[in-house]
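One letter stands for each residue in the lines below.
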Amino acid sequence: MSEVIVVGGGIAGMGVAWSLAREGTDVTLVERGTLGRSASWAAAGMLAPAAEIGFDELDLYDLSRQSLAEWPAFARDVEAASGIGVGYDDAGALVVADDRDSARALRRLFQFQESHGVPVTWLSGAEAAEMEPALTSRIPAAIHSPEDHQVDNRAVVRALAAACREAGVTVREETTVETIEPGHPAAVVLDGGERLAAPVVVIAAGAWSGRLAGLDPAPPIRPIKGQALSLRMNADVQFSHFIRAPRAYLVPKSDGRLVVGATSEDRGDDLALTAGGLYRVLEGAVRVAPGVEELDVIETWVGLRPASRDHAPILGRSRQPGIAMAAGAYRHGVLLLPAMARIVSRDVLVMLAGNASEVPDALSPQRFEA
Ligand SMILES: Cc1cc2nc3c(=O)[nH]c(=O)nc-3n(C[C@H](O)[C@H](O)[C@H](O)COP(=O)(O)OP(=O)(O)OC[C@H]3O[C@@H](n4cnc5c(N)ncnc54)[C@H](O)[C@@H]3O)c2cc1C
């Protein structure tokens, strides 16, 4: 019997499994498809606590900054364990306006960021276009946000998968968990009827975490659809920062791809790529960088963000015996990966030792279980 079963092999599940295995814990990771091919594959890889700060998400901002600070060491460790580079890039971001209304909103964001000590600089459109010549100088204003970084999330997926195997995690792909059985020990029932027991079961099933039979109450997580695409940058259209515009973001990757995304649609499990969705993000990108219109399309895709009810991740032990969560990271799962892996793996070790949880109430599943 393993000490821990992790349900779901996205970055949340792999991050927790790898952290635990490095501490010598015997972990089985169950993934219904291939490791890391859901939201974690669909993401743009922005590590953007400053560019994406929400006026109503200040608690999340502190966790995000903490996780960003952990990223360089996390990247070094997973690269060393796997031999795969994850493309950690600290060039920063430009948050740009594309009309008068969005310039006013940008000014409010800037004032809010400044009042919370976020290191940002206000730029005119001409100054922004000087930093990034592919931007039109007609944009009214921009914020330079050096604190926002990025990684290649698909490389992170590959590296984590290799690191899990290297650390001795038992990986079961193409295997679906049908039912969770809380208890001492807890257990999972697989699609073929097999039952696996372990002292702790960690739920890391992304947007599907609330659907697993046996969780009561189910964690309040719903899928938020994101359509995105990648383009091939050319000699005229290159970026060193990633660009956050009102209707789209543009994230340059070191292999020459420009990731352009993403819609945000509350449509249940719908995974359809639509002309309207792709048009909206492309139109948003072309408004700020007209040369984008000429770029070759490489790929289009869609993913489901796991959105918790309050948009903060759901981490650590549930009230049900033997159950812990690493789910609900919504728009920031890549950014939050080091913090989620640390917080949940620590809580699982504390559970195994029979001690009280140290996870803050604002992140604990128990905030929804009262
Ligand atoms: C278009 C888009 C762009 C994004 N951009 C960014 C970004 O720039 N920066 C950022 O920080 N975040 C971004 N995100 C959010 C980020 O991708 C997610 O928060 C993160 O990947 C969630 O990871 P996860 O492991 O929880 O979920 P997932 O990656 O979805 O993994 C969950 C896994 O659980 C498996 N699973 C589900 N049910 C079962 C079951 N019953 N049995 C076994 N396995 C099961 C699934 O197959 C899946 O592999 C973006 C998301 C999208 C969709």
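Please refer to the structure placed before this passage.
Bear in mind the structure is a predicted one, so any value in this text is a computation, not a measurement. (Residues numbered from 1 in each chain as written. Predicted model: local features only at pLDDT ≥ 70, side-chain atom pairs only at ≥ 80, totals over all residues. Heavy atoms only, no water.)

(A) Spotlight on the site of the ligand. Around the ligand, the structure places 37 residues, and the nearest of them are Glu-31, Ser-40, Met-46, Tyr-330 and Arg-331. With respect to the ligand, the backbone of Arg-331 contributes an N or O atom lying 2.9 Å from a nitrogen atom. Burial of the ligand by the protein amounts to 97% of the accessible area it has alone, namely 1000 Å². Residue assignment for the shell around the ligand shows that the elements contributing at least two residues are α1 (11-22), α2 (39-42), β17 (296-308) and α8 (333-352). (Near = heavy atom within 4 Å. Polar contact = N/O pair within 3.5 Å; in protein donor to acceptor, adjacent residues only side chain to side chain. Areas by Shrake-Rupley, 256 points an atom, 1.4 Å probe, with all protein chains shown as cover. Helix = DSSP H or I, 4+ residues; strand = E, 2+ residues; numbered from the N terminus.)

(B) Looking closely at unusual backbone geometry. The linkage connecting His-184 with the following residue, Pro-185, adopts the cis geometry, with an omega of 0°. Note on placement: Pro-185 falls in the loop between β9 (177-181) and β10 (186-190). Geometrically, the link from Asp-216 to Pro-217 is a cis peptide bond, its omega value of 0° lying close to zero. Position of Pro-217 among the secondary structure elements: in the loop between β12 (200-203) and β13 (221-232). The phi torsion at Tyr-330 lies on the positive side, around 50°, for a residue other than glycine. Within the secondary structure, Tyr-330 is located in the loop between β19 (323-327) and α8. The exposure class assigned to Tyr-330 is buried, which follows from its relative accessible area of 12%. (Buried < 20%, exposed > 50% of the residue type's maximum accessible area, 1.4 Å probe, protein only.)

(C) Molecular detail of the nonpolar core. Counting residues in hydrophobic clusters, the biggest one holds 53 residues, and the most contacted among them are Trp-71, Leu-160 and Val-202. When residues of this core are traced back to their parent elements, those giving at least two are β1 (4-7), α1, β2 (27-30), α3 (58-82), α6 (153-166), β12, β19 and α8. Core analysis: the next-biggest nonpolar cluster, separate from the first, contains 26 residues, Ala-128, Leu-135, Ala-142 and Leu-229 among them. (Core = buried A, V, L, I, M, F, W, Y, C linked by side-chain atoms within 4.5 Å.)

(D) Fine view of the packing of aromatic side chains. Applying the stated criterion to the full structure yields 4 aromatic pairs. Between Trp-71 and Phe-74 the ring centres are 5.3 Å apart and the planes differ by 75°, which places this aromatic pair in the edge-to-face class. In this pair, Trp-71 and Phe-74 both sit in helix α3, 3 residues apart, roughly one turn of the helix. Each member of the pair, Trp-71 as well as Phe-74, is classed as buried. With 5.4 Å between their ring centres and 55° between their planes, Phe-110 and Trp-122 make a pair best called tilted. Here Trp-122 lies in strand β5 (residues 121-124) and Phe-110 lies in helix α4 (residues 100-115), a separation of 12 residues in the sequence. Here the aromatic residues Trp-18, Trp-71, Phe-74 and Tyr-88 are joined through ring pairs into a cluster of three or more. (Phe/Tyr/Trp six-rings, centres within 6.5 Å; stacked < 30°, edge-to-face > 60°.)

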